[in-house]
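# Architecture and fold: a report
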Amino acid sequence: MHEQFKNEKCAACGMKFFDDEDIVVCPECGTPYHRECWNRVGTCIHSAEHGSYEWKGDSAELREHLENVESARINNPETSEDGFEIFHVESYDEYREIMDRKLLEQQKDFEEIDGVTAQELLKFVGKNGYYYLPVFKDIRKNNKLLKLNFASFLFFPIHCFYRRMNLFGVIMMVLLFLSTETRILLNYFADNLGLSSGDLAVAYVVTAMISLALNIFALMFFNYFYLKTAVRKIKTIKQQYPDESRERILARIEAAGKPGIFYAIAFSFCTAIAMMLVFQLINNTLGISISVLKELVN
Ligand SMILES: [Zn+2]
Ligand SMILES: [Zn+2]
């Protein structure tokens, strides 16, 4: 493998390149892919930006960043005496490996969960492992289901997809839409059901509270379901590739759990559109002209 691609990842599958793998690069922008992945995807993920975009590896970007930090340090020598540890690393991955090792050292008493180790969980979680690993331990050891996750509360439901919890996120979104749909239906069939305007007002408050309750549910139970998802996916990977090296398995786990902002936004957007279409279709069939979208933003 060319030295340039050491510590870099395939743009299609997100897995680190290994020495024995065939790598091809996009002729337009230089983005590297596994040959297999390139053949499967068939087009460069940066096609839209071709002309303005040129690939720079994580390592190159980090090096630039570290160089900036370094020069800032030299220009302001007083800030270097703040007692922080300074790492001299070649790549972001190397930096992460050092941090992960420190964390695993601290979490020595972390017991395996269904045959899944702390190291594997840390790989899956990626960013913010120092938050999740102790939380997972607590959930497991002390049987504490309640470990508030404020990111999940604030960025509900996008955060679910960001952490690759697609099923959890979709279920949450379906419930969210259902509470809105209930409001629409009650409103429309108020006469048939014999509901007074007072009843309707109560129904509105109740459905609004259900939406809030879902949000609070995510705040309280996200971490628990995240642990379950991580353990399940890691186990699947280990069963699927029983003969692969430890390093490669860890790379697969990392790629499978990698949080992705673009992925999260795209996924929640598509789910929302899909559900909007489904409910609009139901409403149209029932002869209801109220727009689901309008009702949702109210
Ligand atoms: Zn690949
Ligand atoms: Zn390209």
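Predicted model, so just to flag it, every value in this text is computed and none were measured. (Residues numbered from 1 in each chain as written. Chains lettered and ligands numbered in written order. Predicted model: local features only at pLDDT ≥ 70, side-chain atom pairs only at ≥ 80, totals over all residues. Heavy atoms only, no water.)

A few words on the packing of aromatic side chains. All told, the structure shown has 19 aromatic pairs when counted by the stated rule. Centre to centre, the rings of Tyr-132 and Tyr-226 are 5.0 Å apart; their planes meet at 70°, and the pair counts as edge-to-face. With Tyr-132 in helix H5 (residues 129-141) and Tyr-226 in helix H10 (residues 197-240), the pair connects residues that are 94 residues apart, well separated along the chain. A relative accessible area of 2% means that Tyr-132 is categorised as buried. (Phe/Tyr/Trp six-rings, centres within 6.5 Å; stacked < 30°, edge-to-face > 60°. Helix = DSSP H or I, 4+ residues; strand = E, 2+ residues; numbered from the N terminus. Buried < 20%, exposed > 50% of the residue type's maximum accessible area, 1.4 Å probe, protein only.)

With that settled, consider the coordination of the zinc ion (ligand 1). In a perfect tetrahedron of four donors around a metal, the angles come out at 109.5 degrees. In a perfect octahedron of six, they are 90 or 180 degrees. On the protein side, the zinc ion (ligand 1) has Cys-10 (SG), Cys-13 (SG), His-34 (ND1) and Cys-37 (SG) as donor atoms, found 2.0 to 2.4 Å from it. Metal-centred angles of 103 to 115° between the four donor atoms at the zinc ion (ligand 1) mark the site as tetrahedral. (Donors = N, O, S within 2.8 Å, 3.2 Å for Na, K, Ca; no water. Tetrahedral: all angles 85-135°; square planar, octahedral: opposite > 155°, others 65-115°.)

With that settled, consider the coordination of the zinc ion (ligand 2). Only Cys-26 (SG), Cys-29 (SG), Cys-44 (SG) and His-50 (NE2) from the protein coordinate the zinc ion (ligand 2), and they sit 2.0 to 2.3 Å from it. In this structure, the zinc ion (ligand 2) is coordinated by four donor atoms arranged in tetrahedral fashion, with angles at the metal of 107 to 113°. Ordering the donors of the zinc ion (ligand 2) by residue number gives the pattern C-x2-C-x14-C-x5-H. The exposure class of Cys-26 is buried, given its relative accessible area of 4%.

A separate point is the UniProt feature "transmembrane region" (unreviewed entry) in the protein chain. Taken from the UniProt record, the annotation "transmembrane region" (unreviewed entry) applies to residues 167-189, 201-227 and 261-282. The distance separating the terminal C-alpha atoms of residues 167-189 is 32 Å; by composition the span is 96% helix and 0% strand. Along residues 201-227 one finds 100% helix and 0% strand; the C-alpha atoms at either end are 39 Å apart. (UniProt positions renumbered as here; feature names shortened; annotations may be inferred.)

By the secondary structure assignment, Val-174 is in helix H8 (residues 166-188). Look at Val-174 and you get partly exposed, because its relative accessible area is 29%. Separated by 97 residues in sequence, Val-174 and Thr-271 place their C-alpha atoms 8.9 Å apart.

Next up on the list: the pattern of salt bridges. If you walk through the whole model with that rule in mind, you get eight salt bridges. Across the pair Lys-108 and Glu-105 runs a salt bridge whose closest N-O atoms are separated by 3.3 Å. Overall, Lys-108 belongs to the exposed group, its relative accessible area being 62%. (Salt bridge = Lys/Arg side-chain N within 4 Å of Asp/Glu carboxyl O.)

Following Phe-156, the chain continues into Pro-157 via a peptide bond in cis, with omega recorded as -5°. Among the secondary structure elements, Pro-157 is positioned in the loop between helix H6 (150-154) and helix H7 (158-162). Of note, Asp-114 is a non-glycine position whose phi angle comes to about 50°, a positive value. Positionally, Asp-114 belongs in the loop between helix H3 (92-106) and helix H4 (118-125).

Before going further, it helps to spend a moment on the nonpolar core. Ranked by internal contacts, the top residues of the largest apolar core, which has 31 residues, are Leu-121, Phe-136 and Tyr-226. Looking at this core, the elements with two or more residues in it are H4, H5, H8, H10 and helix H11 (246-257). Among the elements that make up this core, the one with the highest residue count is H10 (nine residues). Other than its neighbours up to four places away in sequence, Phe-136 contacts Phe-110, Leu-121, Val-125, Asn-223, Tyr-226 and Leu-227. One finds Cys-10, Tyr-33, Cys-37 and Cys-44 within the second-largest nonpolar core, a separate group that totals ten residues. (Core = buried A, V, L, I, M, F, W, Y, C linked by side-chain atoms within 4.5 Å. Contact = heavy atoms within 4.5 Å.)

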